[in-house]
Amino acid sequence: MVQVSSNKACVLLSANTVDIREMPLSAVGKDDVMIKVESTGLCGSDLHNYSHGGVGTPITEPLILGHESAGTIVEVGSAITGFAVGDRVAIEPTMYCRKCHNCKTGKTNVCRSFRQASLAPTQGTLAQYYVCDADFAIKIPDAITWEEAGCIQPLAVAVQLAKRAKFAAGQTIAVFGCGPLGCLVMATARAYGVSKILAFDISQKRVDFAKKLWADYAVVSPKAVEGQDYAGWAQAFKTDALNAAGVDSWGVDVAIEASGAEPCMHAAMTFTRSGGTYVQAGLGRAVNSFPTFQIVAKELDVVGSVRYTSGCFKVAIDMMEQGKINLKPMVTAVFPLSRSKEALEAVRKGEDLKVVIMNQQV
């Protein structure tokens, strides 16, 4: 049994208030592993948790943040045979039950009774150590740096989206939103052999980043003129963008809405060719206006994509190891655990693409 002398963690106390403090560590059960966590990526849901003091309802007790983590196994449960002390692993933060109908039919991402690291009351991974069921640890090779490893979970989310979108060689896609998810979707699309990628965002910096690494055509989304409705704006946007990008005016094969912004939903739907696929992945307001007529008139496949399913982590890791996806350029800011509040504020500021925290740097 490993004796852990310190388990400092970034703990959410209330909205916009976190503290680095010692936190208790769960005992390692026979089916568990203890992981010395090395890195944790931050995303929009971490910012939401931090900004609102919880997700849905405010927390009632201190909550360890973080869910995009990786580290080294330091202890294995008595029943575990597939892992050993010293193994480098990524952590799957969504703990699905493996018993409900959805789990048994492969839809573990919509498990009826899942638990999620850092979603109260389940403690997160932004700590020096973390204990979980061994089923939720995925081995990673030495070639992947810890900074990159902090991006494996969102890449797995992009792999799930690729499955839902049915990415294939020869396709043309449009991505609305060049944040971490949008960029990972573009990286995954390239790995799947997509022929042309169009990318749009309201930030010139993010547009430039997308164009440098993955997009064939990337521009800042145009603003609507006074009195112009969504339909007119989206059609003019489509006409100009497809013409400039050298894409048939018919539209793109797949449009991915990764921003959660209502105007982008209208634009993405308009950009999609008849018989094409629209994927909603961005999270914004709970209810938005939506061009339902286009779904019917163009016979579109409209799908949502959330979290990841079994195998997505392995696919993500394999693509990284094989050099098909390079995540190093995405990590634009690295903070020690002791400066977690600064890291969260950097995410809020939005100038960095991906912020990663090094959990052992206290």
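Cut-offs and rules
- Residues numbered from 1 in each chain as written.
- Predicted model: local features only at pLDDT ≥ 70, side-chain atom pairs only at ≥ 80, totals over all residues.
- Heavy atoms only, no water.
- Pairing = 2+ DSSP bridges.
- Helix = DSSP H or I, 4+ residues; strand = E, 2+ residues; numbered from the N terminus.
- Right-handed = clockwise from strand over helix to strand, strands pointing away.
- Phe/Tyr/Trp six-rings, centres within 6.5 Å; stacked < 30°, edge-to-face > 60°.
- Buried < 20%, exposed > 50% of the residue type's maximum accessible area, 1.4 Å probe, protein only.
- Lys NZ or Arg CZ within 6 Å of the ring centre and 35° of its normal.
- Polar contact = N/O pair within 3.5 Å; in protein donor to acceptor, adjacent residues only side chain to side chain.
- Contact = heavy atoms within 4.5 Å.
- Salt bridge = Lys/Arg side-chain N within 4 Å of Asp/Glu carboxyl O.
- Axes fitted to C-alpha atoms, helices over the stretch in contact; angles between N-to-C directions.

**Side note on the pairing of strand S16 (residues 301–304)**
In the sheet, strand S15 (residues 272–280) pairs with S16 via four bridges, with the strands oriented parallel. Bridge pairing in S16 links Val279 to Val303. Crossover S15 to S16 through helix H9 (residues 292–297) is right-handed.

**Some remarks on the packing of aromatic side chains**
Tallied over the full model, the rule gives 13 aromatic pairs. Judged by centre distance (5.2 Å) and plane angle (80°), the ring pair of Phe176 and Phe271 falls under edge-to-face. Here the residue Phe176 occupies a position in strand S11 (residues 172–176), and Phe271 occupies one in helix H8 (residues 262–271), the gap between them amounting to 95 residues. The residues Phe176 and Phe271 share a single accessibility class, namely buried. Connected via pairs of aromatic rings, a cluster forms that spans Phe176, Phe200, Tyr217, Trp233, Phe237 and Phe271. Over the ring of Trp146 we find Arg88; its NZ or CZ atom is 4.1 Å from the centre of that ring. Positioned over the ring face of Phe114 is Arg307, at 4.2 Å from the centre of the ring.

**Considering the side chain of Arg88**
Mapped onto the elements of the fold, Arg88 is located in strand S6 (residues 88–91). Classification of Arg88 as buried rests on a relative accessible area of 13%. Within polar-contact distance, the side chain of Arg88 engages the backbone oxygen of Pro141 at 2.5 Å. Side-chain polar atoms of Arg88 contact the backbone oxygen of Ile144, separated by 2.8 Å. Once you skip the residues sitting within four places of it in the chain, Arg88 turns out to touch Gly71, Ile138, Lys139, Ile140, Pro141, Asp142, Ile144, Thr145 and Trp146.

**Let's talk about the pattern of salt bridges**
Summed over all chains, the structure comprises 14 salt bridges. We note a salt bridge from Asp19 to Arg21, for which the minimum N-O separation is 3.1 Å. A residue is classified by how much of its surface remains accessible, and Asp19, at 30% relative accessible area, is partly exposed. According to the relative accessible area criterion, Arg21 is partly exposed, its value standing at 29%. Between Lys314 and Asp318 there is a salt bridge, with the nearest N and O atoms lying 2.9 Å from each other. Here the residue Lys314 and the residue Asp318 both occupy positions in helix H10 (residues 312–321), the gap between them amounting to four residues, near one helical turn.

**Looking at the sheet that holds S11**
The six strands are arranged S13-S12-S11-S14-S15-S16 in an open sheet whose pairing can be described as parallel. Looking along the sheet, the strands with just one partner apiece sit at the ends: strand S13 (217–220) and S16. Averaged over all neighbouring strand pairs, the angle between strand axes comes to 15°, with direction disregarded. Its contacts with the sheet put helix H4 (residues 152–165) on strand S14 (252–257), S15 and S16, and the angle it makes with S15 is roughly 150°. Its contacts with the sheet put helix H7 (residues 230–245) on S11, strand S12 (196–201), S13 and S14, and the angle it makes with S12 is roughly 135°.

**Overview of the environment of Cys178**
Along the chain, the position of Cys178 falls in the loop between S11 and helix H5 (180–191). Overall, Cys178 belongs to the buried group, its relative accessible area being 0%. When the C-alpha atoms of Cys178 and Asp208 are compared, they prove to be 9.4 Å apart, with 30 residues separating the residues in sequence. Excluding its chain neighbours within four sequence positions, the residues that come into contact with Cys178 are Cys183, Met186, Ala199, Phe200, Asp201, Arg206, Ala210 and Leu353.

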